[in-house]
Amino acid sequence: MGKKILVGAGCFILSFFLHFFVFFSRQVSADEFYYPPDEDGELVIVIDPGHGGGNLGADYNGFLEKEMNMTVAKAMKEELEKYDGITVYLTHDSADTDMPIQDRADFADSVHADFLFCLHFNMSPGNILFGSEVWISAFGEENRQGYRFGRVQMDTMKDMGLYLRGVKTRLNDRGSDYYGILRFCEEYDIPAALIEHCHIDHENDVGFCDSEEDLIRFGVADATSVAKFFGLRSEILDVDYSGYPLEDTEAGALYMQADTSDPDICMIETSYTDLERGVIGIALTAYDYDSPMLYYAYSIDGGTTYTPYLAWPDSDVMGTGTPDSFVFEIEIPEGVSPMIKVKAVNQYDRFTESNLLDGLPVFVRPAEELLPPDREEETDTVSSGNVPMPSEGFHAPSQPQREETKRSFFGFLMICFFVVCILFTALFITNIIMSCRKRQKRKERKRK
Ligand SMILES: [Zn+2]
């Protein structure tokens, strides 16, 4: 009996120390990240401009993705070559080249690439999405390195002013990586990242990519992310990123598995109603156990029509700080009894509709407060931000109101004019009558 207790205690102590050792050795390896160059001691980067030839990529309103990707790729290569100890290749250097995805991965393997960066621009059905994202392999070391690079790239895109959609993985029905370039690179053990810089079909992003200078700026930004990731140095640029801190996958892997379900909770309730200002405050609570919330949209007609997607306030797509609830204000048009519904959208663009808020009062404002002069300015400045704000949805109908006031003023003038006319006519008639009478009296006097 005593022996058994002794052996048990021994095993317990041993396993405790073993766990302790494993835990700390993992911590150390996470902190001392250093990307190992390949056998010849040289860092080889392959840049793959997405699409090409007959494969145009996104094609919208004068934007042609294959050409945009090529411009960014060339600028990225030029910038990267300013750093020491790096060899950079493009998979192809003309937007007219039709290159199968397998060939691109084969090329990366043939030059012993340490990393492949695949460059893209995005657009969405219905033109509703905006922001920047990075897709990576869901597997092994490629996932780990991809995520570490993705974090750096997201910081770079945030500094440029873009909305962040995060670092994500996506699987096909066979359970392997959905994007061919990530799948083929993973088979060759080459870490890869597919960068979707921004959405060419959304007003929020267009300003970031509608000139050659913008595209070159993206190329330089991508190169800077790579330089930080690999801790590179450049005498020409006078920068030294050696020892640049990289966060490990374990810290942020929480949301990296593709989320294939809708947000779990989406509820709304009235926070306040202000009939005089014609606004209603809505408290929204939405949550997804698998990924952070990214956008919301609201409807005042019971869910028939929605506003464009709006940025989730204080979205923290690379961490866990995205708030679950917030209050936003909706301007309700005059004479409308709103039926409010909200859509909450997660990082993987899946959404859940809220409960319906109806039975709300008809929004009628007191007549003299229809158009206070300073109110109009207020609504105009709110919507001038970079990211769509709630007030953009429904503006109070200030234009018709102004016409109404114009019309009533015109009516008042007409009445005045009419009164003056009557007065003049009355004066004129009495004048005629008076002169007639005078003439008659004179005639009578003459007869007498
Ligand atoms: Zn593309």
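Not measured: the values here are computed from a predicted model. (Residues numbered from 1 in each chain as written. Predicted model: local features only at pLDDT ≥ 70, side-chain atom pairs only at ≥ 80, totals over all residues.)

On to the overall build of the protein chain. Across its full length, the protein chain carries 10 helices and 17 strands. Scored against the burial criterion, the 448 residues of the protein chain give a buried share of 37%. Within the protein chain, counting contacts between residues at least 6 apart in sequence, those at least 24 apart form 74% of the total. (Helix = DSSP H or I, 4+ residues; strand = E, 2+ residues; numbered from the N terminus. Buried ≥ 20, exposed ≤ 12 C-beta atoms within 10 Å, placed from the backbone. Contact = placed C-beta atoms within 7 Å.)

Let us now look at the sheet that holds strand β12 (residues 279-287). Strand pairing within a sheet occurs via backbone hydrogen bonds; the two strands may be parallel or antiparallel. Taken together, the three strands give an open sheet; going across it, the order is β11-β12-β15, and neighbouring strands pair in antiparallel fashion. The open sheet terminates on both sides in strands that have one partner only, identified here as β11 (265-274) and β15 (325-331). Ignoring strand direction, the axes of neighbouring strands in this sheet form an average angle of 25 degrees. Pairing analysis gives seven bridges linking β12 to β15, with the strands arranged antiparallel. Within the sheet, the bridge partner assigned to Ala-283 lies in β15 and is Val-327. (Pairing = 2+ DSSP bridges. Axes fitted to C-alpha atoms, helices over the stretch in contact; angles between N-to-C directions.)

Now for the nonpolar core. The biggest cluster of nonpolar side chains holds 91 residues, and the ones touching the most others in it are Ile-45, Leu-116 and Tyr-296. Residue-level mapping places this core at the junction of two domains, with at least three residues from each of domain 1 (22-255) and domain 2 (265-395). Ignoring sequence-local partners within four residues, the contact set of Tyr-296 consists of Leu-284, Leu-310, Trp-312, Val-342, Lys-343, Ala-344 and Val-345. (Core = buried A, V, L, I, M, F, W, Y, C linked by C-beta atoms within 7 Å. Domains from an automatic or database assignment.)

Between helix α3 (residues 101-110) and helix α5 (residues 180-187), whose axes approach to 9 Å, the crossing angle comes to 35 degrees. The two elements α3 and α5 meet at a crossing, and its hand is right-handed. For the pair α3 and α5, the contacting residues are Ile-101, Gln-102, Arg-104, Ala-105 and Ala-108 in the first and Gly-180, Ile-181, Phe-184 and Cys-185 in the second. Among the residues making up the contact of α3 with α5, the classes are represented as six nonpolar, two polar and one charged. (Left-handed = near helix turned anticlockwise from the far one by under 90°. Nonpolar A, V, L, I, M, F, W, Y, C, P; charged D, E, K, R; others polar.)

Before going further, it helps to examine the confidence of the model for the protein chain. For the protein chain, the mean per-residue pLDDT works out to 82, and 77% of the residues sit at or above 70. The secondary-structure element of the protein chain with the lowest mean pLDDT is helix α9 (residues 373-382), recorded at 40, while strand β8 (residues 192-199) shows the highest, at 98. pLDDT under 50 marks residues 5-34. Its contacts with residues more than four places away, or in other chains, come to three contacts. (pLDDT = per-residue confidence, 0-100.)

Relative to the 26 Å expected for 18 residues at 1.5 Å per residue, helix α7 (residues 212-229) spans 26 Å between its end C-alpha atoms, a close match to the ideal helical length. Along α7, the positions that sit buried rather than exposed are Leu-215, Phe-218, Gly-219, Ala-221, Asp-222, Ala-223, Thr-224, Ser-225, Val-226, Ala-227 and Phe-229. Tucked inside the fold, the buried residues of α7 contact β1 (43-49), α2 (65-80), β5 (115-122), α4 (140-160) and β8. At the C-terminal side of α7, Gly-231 shows a positive phi close to 65 degrees. (Expected span 1.5 Å × (residues − 1).)

Let's shift gears to the sheet that holds strand β17 (residues 351-353). Overall, antiparallel pairing links the four strands, which are arranged β14-β13-β16-β17 in an open sheet. Lying at the two open borders of the sheet, with one neighbouring strand each, are β14 (310-311) and β17. One ladder, built from six bridges, connects strand β13 (residues 293-299) with strand β16 (residues 341-346); its direction is antiparallel. Considered in β16, the bridge of Tyr-296 is made with Ala-344.

Turning our eyes to something else, we now look at unusual backbone geometry. Backbone phi values are negative for most residues with the exception of glycine, while trans is the configuration of most peptide bonds. For Asp-189, which is not glycine, the phi dihedral falls at a positive 60 degrees. Inspection of the secondary structure assignment puts Asp-189 in the loop between α5 and β8. Even without a glycine there, the phi angle at Asp-314 is positive, about 55 degrees. Position of Asp-314 relative to the elements: it lies in the loop between β14 and β15. Owing to 9 C-beta atoms within 10 Å, Asp-314 belongs among the exposed residues under this scheme.

Our focus in this paragraph is the environment of Leu-294. When you line up the elements, Leu-294 lands in strand β13. Look at Leu-294 and you get buried, because 27 C-beta atoms sit within 10 Å. The spacing of Leu-294 and Ser-315 is 21 residues in sequence and 6.4 Å in space, taken between C-alpha atoms.

At a minimum axis distance of 9 Å, the contact between α4 and α7 shows a crossing angle of 140 degrees. Looking at the two axes, α4 sits oblique to α7. Of the two possible hands of crossing, α4 and α7 adopt the one that is right-handed. Across from Arg-148, Phe-149, Val-152, Gln-153, Thr-156 and Met-160 in α4, the residues of α7 making contact are Ala-221, Thr-224, Ser-225, Lys-228 and Phe-229. Here the residues of the contact of α4 with α7 sort into five nonpolar, four polar and two charged. (Parallel < 35°, antiparallel > 145°, perpendicular 65-115°, else oblique.)

So, about α2. The terminal C-alpha atoms of α2, which comprises 16 residues, lie 22 Å apart, in line with the 22 Å expected from a rise of 1.5 Å per residue. With 12 of 16 residues buried, α2 lies mostly within the body of the structure. Listed in full, the buried residues belonging to α2 are Glu-65, Lys-66, Met-68, Asn-69, Met-70, Val-72, Ala-73, Ala-75, Met-76, Lys-77, Glu-79 and Leu-80. Check the buried side of α2 and you find it contacts β1, β2 (59-60), β3 (63-64), β4 (86-90), β5 and α7.

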